[in-house]
Amino acid sequence: MIKLNRVYFRRESREILSNINIEMNKGEHWVILGKNGSGKTTILEMLNGYLFPSQGTIEVLGYQFGSCDVREVRKSIGYISQSLLEKLNYSDPVWEVVATGLYGFLRFYQAIPDEVKNKADQMLDEMNLSHVKNQPLGLLSQGERKKVLLARALISEPEIIIMDEPCAGLDLYEREKLLVELERFNKNGISLIYVTHHVEEIVPLFSNVMLLNNGEIISSGKKKEILTSERINHTFQIPVQIEWSNDRPWIQVI
Ligand SMILES: Nc1ncnc2c1ncn2[C@@H]1O[C@H](COP(=O)(O)OP(=O)(O)OP(=O)(O)O)[C@@H](O)[C@H]1O
């Protein structure tokens, strides 16, 4: 599904990514974990074709970047990030924001067909957001806005959804509500790639983890093998203990 082969990214003589090799397969859900500035967002931007490697190759859904139209690939990817939220119009009604996902627009400047409105309503209904569908996006809580972004990504039936720190800024209650919504990915065969700083967000849905430090992969593979105290210690350079409870890792600084 996704293959990065000897990928390097250099800017102003600085190596931001070094020798990234990874293969993510259909049916897997990946977490990319690493400190601030370790290169997580740079990898996501590359997967969306917004950045190109200085060296190496990237293949997404059978398309080889550099010899394909990246806009075609992007149609099959839902990308959820804070910067997308900031580009949307906070005075637009929620259902309209969700409907734009079908077209890849940021907002509508034309009449919206009834079937599109109905599809957006249905999406919001599935995510228990019907009660806010006519409200302006700006009136929603941070957590509800993130769920709207998720509905907006899901409406176009993508094969991959990429989320960059979706729980940033959410309180415990909102975070857990958003994490519950991720479980729906198991039902409709979408693969998830999820960036975070927080081990606790690795809910049972996730199968694989990549640990990144200073632009290099420290380790990657099945989450139970990767999320050990020693490896997390190495990634964040702080002594920690990982404990598993309800198939979810919890971190304690020691
Ligand atoms: N286009 C660019 N030009 C110059 N430097 C860049 C560019 N893109 C990223 N960087 C630098 O590369 C490093 C990695 O950035 P990136 O945003 O990928 O890290 P991150 O792991 O997502 O960080 P955070 O967790 O803080 O969001 C940072 O030091 C950043 O300043």
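Below or above, wherever it landed, is the structure these notes cover. For clarity, every value in this text was computed on a predicted model and none was experimentally measured.

A word on the site of the ligand
Reasoning step 1: Around the ligand, 13 residues are found, and the nearest of them are Gly37, Lys40, Thr41, Thr42 and His197.
Reasoning step 2: Taking Ser38, its main chain carries an N or O atom lying 3.1 Å from an oxygen atom of the ligand.
Reasoning step 3: Its free accessible area being 640 Å², the ligand has 65% of it covered by the protein chains.
Reasoning step 4: Contributions of two or more residues to the shell around the ligand are made by strand 2 (14-24) and helix 1 (40-47).
Reasoning step 5: Examining the composition of the shell around the ligand, we find that three residues originate from one element, helix 1, more than from any other.
Reasoning step 6: Residue composition of the shell around the ligand, by class: one nonpolar, seven polar and five charged.

Quick look at the sheet that holds strand 7 (residues 160-164)
Reasoning step 1: In spatial order, the strands read 6-7-8-3-9-10; together these six strands make up an open sheet with mixed pairing. On the outer flanks of this sheet lie strand 6 (77-80) and strand 10 (216-222), each paired with one strand and no other. Looking at each pair of strands side by side, their axes are set apart by 15° on average, direction ignored.
Reasoning step 2: Pairing of strand 6 with strand 7, which is carried by four bridges, proceeds in the parallel orientation. By the bridge assignment for strand 7, Ile80 is matched with Met163.
Reasoning step 3: Here helix 6 (residues 142-154) sits on the sheet and contacts strand 6 and strand 7; the angle it forms with strand 6, its principal contact strand, is near 165°.

Observations regarding the packing of aromatic side chains
Reasoning step 1: Here the structure, examined in full by the defined rule, presents two aromatic pairs.
Reasoning step 2: Ring centres 6.4 Å apart and planes at 25° place the aromatic pair Tyr50 and Tyr79 in the stacked group. One end of the pair, Tyr50, is in the loop between helix 1 and strand 4 (55-60); the other, Tyr79, is in strand 6, and 29 residues separate them in sequence.
Reasoning step 3: With relative accessibility at 15%, the residue Tyr79 sits in the buried group.
Reasoning step 4: Geometrically, the ring pair formed by Tyr194 and Phe206 is tilted, given 5.1 Å between the ring centres and 55° between the ring planes. Linking Tyr194 in strand 8 (residues 191-196) with Phe206 in the loop between strand 8 and strand 9 (208-213), this pair joins segments that are twelve residues apart in sequence.

Quick notes on the rules
Residues numbered from 1 in each chain as written. Predicted model: local features only at pLDDT ≥ 70, side-chain atom pairs only at ≥ 80, totals over all residues. Heavy atoms only, no water. Near = heavy atom within 4 Å. Polar contact = N/O pair within 3.5 Å; in protein donor to acceptor, adjacent residues only side chain to side chain. Areas by Shrake-Rupley, 256 points an atom, 1.4 Å probe, with all protein chains shown as cover. Helix = DSSP H or I, 4+ residues; strand = E, 2+ residues; numbered from the N terminus. Nonpolar A, V, L, I, M, F, W, Y, C, P; charged D, E, K, R; others polar. Pairing = 2+ DSSP bridges. Axes fitted to C-alpha atoms, helices over the stretch in contact; angles between N-to-C directions. Contact = heavy atoms within 4.5 Å. Phe/Tyr/Trp six-rings, centres within 6.5 Å; stacked < 30°, edge-to-face > 60°. Buried < 20%, exposed > 50% of the residue type's maximum accessible area, 1.4 Å probe, protein only.

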